[in-house]
Amino acid sequence: MEVAEYLSPRDLGRAVGLSESSVRRWADDGRLRAERTAGGHRRIARAEAVRFIRETGLELLRPDLLGFPQTEGVGGGPLPAADALVGALRASDSAGARRMLVSAFLDGAPLAEICDGPVRIALREMGLLWRDGPEGIALEHRAVDVCLQALMEIRSAIPDRRSAPVAVGGAVEGDPYILPSIMTSVVLADVGFRALNLGPHVPSVAILAAAELYAPVLVWRSAGISGAGPSLRREARHLRTLAQGRRPDFVVGGPGFSTSELPRGGGVHRLHSMAELAGFARAVLSQFGP
Ligand code: B12
């Protein structure tokens with residue numbers, strides 16, 4: 001489906017079940033950022049509409065008007081229960097599982113909580129299914145893909161902030177896990193960074209090259225496998241010597257890191273969850289003004 005980047009006040013009104021004139025009023029009193037077309041009509045960026053709906057707690061009755069799937073019949077309140085998500089994933093109901101996650105975000109659930117809660121717990125459970133045989137392995141692989149799609153859908157509703165401070169990162173070399181690093185990038189984008197994800201299995205030389213190239217204020221590393229301590233220590237040392245600008249904060253997370261193998265101090269921050277990351281990232285961003 002073609003997703004419109006802008007909505008008219010009429011469509012935003014229809015999406016939330018209110019009148020076009022309410023939308024105009026919000027735009028006029030500055031609570032909702034609207035632009036004008038060449039013809040003088042107001043238009044609202046899709047990401048701004050999503051921000052407004054999430055922050056005000058308005059009910060999104062017609063998500064399709066914003067390019068999201070209809071959520072009828074999903075229910076379950078703002079944060080879906082991990083059980084419900086596991087149920088949908090086990091039943092191969094990919095659309096239902098995706099909708100649960102995306103509608104939780106649209107309903108205003110903090111993205112970090114969606115990641116640390118239902119997604120993390122559901123994947124832990126899906127990771128036990130291989131014991132039931134090859135079908136379990138297939139379901140586990142599908143579960144990763146469905147969560148990935150949901151995260152990408154959520155990412156599409158977050159504005160691209162081209163001039164925002166940059167964060168760059170990826171999973172350590174040899175680490176095949178795709179979700180943790182994507183999750184990190186979407187959470188950082190939601191907080192207000194320009195977040196550049198390098199994906200799974202990123203060698204040290206590539207992360208350091210990216211640090212030179214993009215002059216990030218934050219670099220992240222995710223590890224789903226153990227043994228990355230030595231390369232991480234080298235990376236931390238190298239990041240401290242970067243010539244340009246300010247030394248980036250180095251954030252590491254994931255079940256593969258044991259605290260004993262991490263360098264002490266030196267700007268390396270071991271975080272355990274997306275909620276911790278969001279808090280840390282907000283504090284970093286606050287140094288750069290609005
Ligand atoms: C999907 C999956 C796979 C897929 C990965 C597909 C892909 N491309 O991503 C595949 C099939 C490749 C795979 C392979 C293997 N897997 Co696997 N896998 C999983 C599974 C089910 C989900 C992983 C995942 O994405 N989780 C979701 C993420 C978001 O959760 P998370 O990593 O805990 O991240 C959270 C926090 O740690 C933190 N966090 C993570 N990263 C970061 C980064 C930063 C910066 C911050 C701040 C926070 C943060 O925030 C996240 C959200 O709360 C897990 C089960 C589980 N418990 O997670 C098993 C699991 C990790 N796998 C396991 C195993 C054994 C394997 C294999 C060895 C199986 C085999 N015999 O081949 C191989 C090894 C691969 C390798 N090369 O090392 C075991 C590991 C056991 C252990 N402790 O060592 C697990 C726990 C399953 C199990 N119960 O047995 N796996």
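About the cut-offs
- Residues numbered from 1 in each chain as written.
- Predicted model: local features only at pLDDT ≥ 70, side-chain atom pairs only at ≥ 80, totals over all residues.
- Heavy atoms only, no water.
- Phe/Tyr/Trp six-rings, centres within 6.5 Å; stacked < 30°, edge-to-face > 60°.
- Helix = DSSP H or I, 4+ residues; strand = E, 2+ residues; numbered from the N terminus.
- Buried < 20%, exposed > 50% of the residue type's maximum accessible area, 1.4 Å probe, protein only.
- Near = heavy atom within 4 Å.
- Polar contact = N/O pair within 3.5 Å; in protein donor to acceptor, adjacent residues only side chain to side chain.
- Nonpolar A, V, L, I, M, F, W, Y, C, P; charged D, E, K, R; others polar.
- Domains from an automatic or database assignment.
- Pairing = 2+ DSSP bridges.
- Contact = heavy atoms within 4.5 Å.
- Axes fitted to C-alpha atoms, helices over the stretch in contact; angles between N-to-C directions.
- Parallel < 35°, antiparallel > 145°, perpendicular 65-115°, else oblique.
- Left-handed = near helix turned anticlockwise from the far one by under 90°.
- Donors = N, O, S within 2.8 Å, 3.2 Å for Na, K, Ca; no water.
- Salt bridge = Lys/Arg side-chain N within 4 Å of Asp/Glu carboxyl O.

All right, on to the packing of aromatic side chains then. Evaluation of the coordinates by the stated rule reveals one aromatic pair. Look at Trp 26 and Phe 52: their rings are 4.9 Å apart centre to centre, the planes differ by 45°, and that puts the pair in the tilted class. Of this pair, Trp 26 sits in helix H2 (residues 20–28) while Phe 52 sits in helix H3 (residues 46–56), and the two are 26 residues apart along the sequence. Accessibility classification places Trp 26 together with Phe 52 in one group, the buried group.

Every one of the 30 residues lining the ligand counts as a neighbour, but Asp 116, Glu 140, Pro 176, Tyr 177 and Ile 178 are closest to it. Within the backbone of Pro 176, a nitrogen or oxygen atom sits 3.1 Å from a nitrogen atom of the ligand. Take Tyr 177: an N or O atom from its side chain is 2.9 Å from a nitrogen atom of the ligand. At the level of secondary structure, the elements contributing two or more residues to the shell around the ligand comprise helix H6 (111–126), helix H7 (134–155), helix H8 (179–191), strand S6 (218–222), strand S7 (249–253) and helix H11 (274–286). With five residues, the single largest contributor to the shell around the ligand is H6. Looking at the shell around the ligand, its residues break down into 17 nonpolar, eight polar and five charged. When residues are assigned to domains, the shell around the ligand turns out to be shared by domain 2 (82–155) and domain 3 (166–286), each giving three or more.

Next up on the list: the sheet that holds strand S3 (residues 42–45). As summarised here, the arrangement of the three strands in space is S1-S3-S2, forming an open sheet in which the pairing is antiparallel. Two strands close off the open sheet at either side, each with one partner strand: strand S1 (6–7) and strand S2 (35–36). Note: S2 against S3, two bridges, orientation antiparallel. Looking at the pairing, Glu 35 lines up with Arg 43 of S3. Seen against the sheet, H3 touches S1 and S3 and runs at an angle of roughly 75° to S3.

Let us look at the packing of helix H4 (residues 82–90) against H6. Two elements in contact, H4 and H6, have axes whose closest approach is 9 Å; the angle formed by their N-to-C orientations is 50°. One element, H4, and the other, H6, form an angle in the oblique class. The crossing of H4 and H6 is right-handed. Counted together, Ala 82, Leu 85, Val 86, Leu 89 and Arg 90 of H4 and Pro 118, Val 119, Ile 121, Ala 122, Glu 125 and Met 126 of H6 form the full contact between these two elements. Per-class residue counts for the contact of H4 with H6 are nine nonpolar, no polar and two charged.

Take the coordination of the cobalt atom of the ligand next. Just one protein ligand coordinates the cobalt atom of the ligand, and it is Tyr 177 (OH) at 2.4 Å. Relative to the helices and strands, Tyr 177 is located in the loop between strand S4 (166–171) and H8.

Interfaces are often described in size by the accessible area the parts lose on coming together. For the chain, the assigned domains are domain 1 (6–66), domain 2 (82–155) and domain 3 (166–286). With centres defined by C-alpha atoms, the gap from domain 2 to domain 3 works out at 24 Å. Listed as interface residues are 15 residues of domain 2 and, on the opposing side, 13 residues of domain 3. Inspection of the region where domain 2 meets domain 3 yields zero salt bridges. The interface formed by domain 2 and domain 3 holds two residue pairs in polar contact (both at pLDDT 80 or more) in total. Where the side of domain 2 that touches domain 3 is concerned, the elements lending two or more residues are H6 and H7. For the side of domain 2 that touches domain 3, the per-class residue count stands at 12 nonpolar, no polar and three charged.

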